[in-house]
Amino acid sequence: MSQLNDFLVQIPDKPDVLATRFSNVGTHMARLKGLIEVGTIVMSGPTLAAHPKSTDEGLAINGSAWLVRANTEEEVRAVVADDVYAKLGVWDLDNVTVTPFKCAVRKPL
């Protein structure tokens, strides 16, 4: 069994950053792919203000959510801070929530 801990991470976006988010999604996703491959990130995706009411409606993205495996909250915050969205000011780093989490059921990694 791994000695790593699970953390639920919610990262709100700052206002009016959707264009910056979309123009840098490739860089963001490339980094996430590496973190997923080494087991640091288990799950990741955008948070929404609401689900679209139709297939024609765009996503009302207002942040990101991750499930991270790390030793400490400080390690988690360092992973967040190293992301392109953090460096470009998309994410509101002052309001990131890192919650210790014990996953009871999951698909094998």
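Throughout what follows, the structure given in this document is the object of discussion. (Residues numbered from 1 in each chain as written. Predicted model: local features only at pLDDT ≥ 70, side-chain atom pairs only at ≥ 80, totals over all residues. Heavy atoms only, no water.)

## Topic: helix 3 (residues 73-81)
Of all the positions in helix 3, only Val-76, Val-79 and Val-80 are classed as buried. Down the axis, helix 3 shows its buried residues gathered within 100° of arc, on one side only. Check the buried side of helix 3 and you find it contacts strand 1 (5-12), helix 2 (25-37), strand 3 (61-70), helix 4 (84-87) and strand 4 (97-101). (Buried < 20%, exposed > 50% of the residue type's maximum accessible area, 1.4 Å probe, protein only. Helix = DSSP H or I, 4+ residues; strand = E, 2+ residues; numbered from the N terminus. Arc of directions from axis to C-beta. Contact = heavy atoms within 4.5 Å.)

## Concerning the environment of Arg-21
Structurally, Arg-21 is set in helix 1 (residues 18-23). Judged by relative accessible area, which is 5%, Arg-21 ranks as buried. Sequence separation between Arg-21 and Ile-36 is 15 residues, and the spatial gap between their C-alpha atoms is 20 Å. Not counting residues within four places of it along the chain, the set of residues in contact with Arg-21 comprises Asp-13, Pro-46, Ile-61, Gly-63, Ser-64, Tyr-85, Val-90 and Trp-91.

## Topic: the sheet that holds strand 4
Taken together, the 4 strands give an open sheet; going across it, the order is 2-3-1-4, and neighbouring strands pair in antiparallel fashion. Across the chains shown, the open sheet's two edge strands, defined by having one partner strand only, are strand 2 (41-48) and strand 4. Neighbouring strand axes in the sheet, compared pairwise and without regard to direction, differ in orientation by 20° on average. Relative to strand 2, helix 2 is tilted by about 145°, and along the sheet it contacts strand 2 and strand 3. (Pairing = 2+ DSSP bridges. Axes fitted to C-alpha atoms, helices over the stretch in contact; angles between N-to-C directions.)

## What about the packing of aromatic side chains?
Under the criterion given, the structure shown has 2 aromatic pairs. Taking the centre distance of 5.5 Å and the plane angle of 85° together, the rings of Tyr-85 and Trp-91 count as edge-to-face. Neither residue differs from the other here; Tyr-85 and Trp-91 are each classed as buried. (Phe/Tyr/Trp six-rings, centres within 6.5 Å; stacked < 30°, edge-to-face > 60°.)

## Re unusual backbone geometry
Leave glycine aside and you will find that most residues have negative phi; peptide bonds, for their part, are mostly trans. The phi torsion at Asp-16 lies on the positive side, around 60°, for a residue other than glycine. As for its position among the elements, Asp-16 is in the loop between strand 1 and helix 1. By relative accessible area, which is 83% here, Asp-16 ends up exposed.

## Some words on helix 2
A rise of 1.5 Å per residue sets the reference length of helix 2, with its 13 residues, at 18 Å; its end C-alpha atoms lie 18 Å apart and thus fit the reference within 8%. Within the span of helix 2, buried status applies to His-28, Leu-32 and Leu-35. The buried residues of helix 2 occupy an angular sector of 60° when projected down its axis, which confines them to one face. Away from the buried face of helix 2 by more than 90 degrees, exposed residues Gly-26, Ala-30, Lys-33 and Glu-37 are located. (Expected span 1.5 Å × (residues − 1).)

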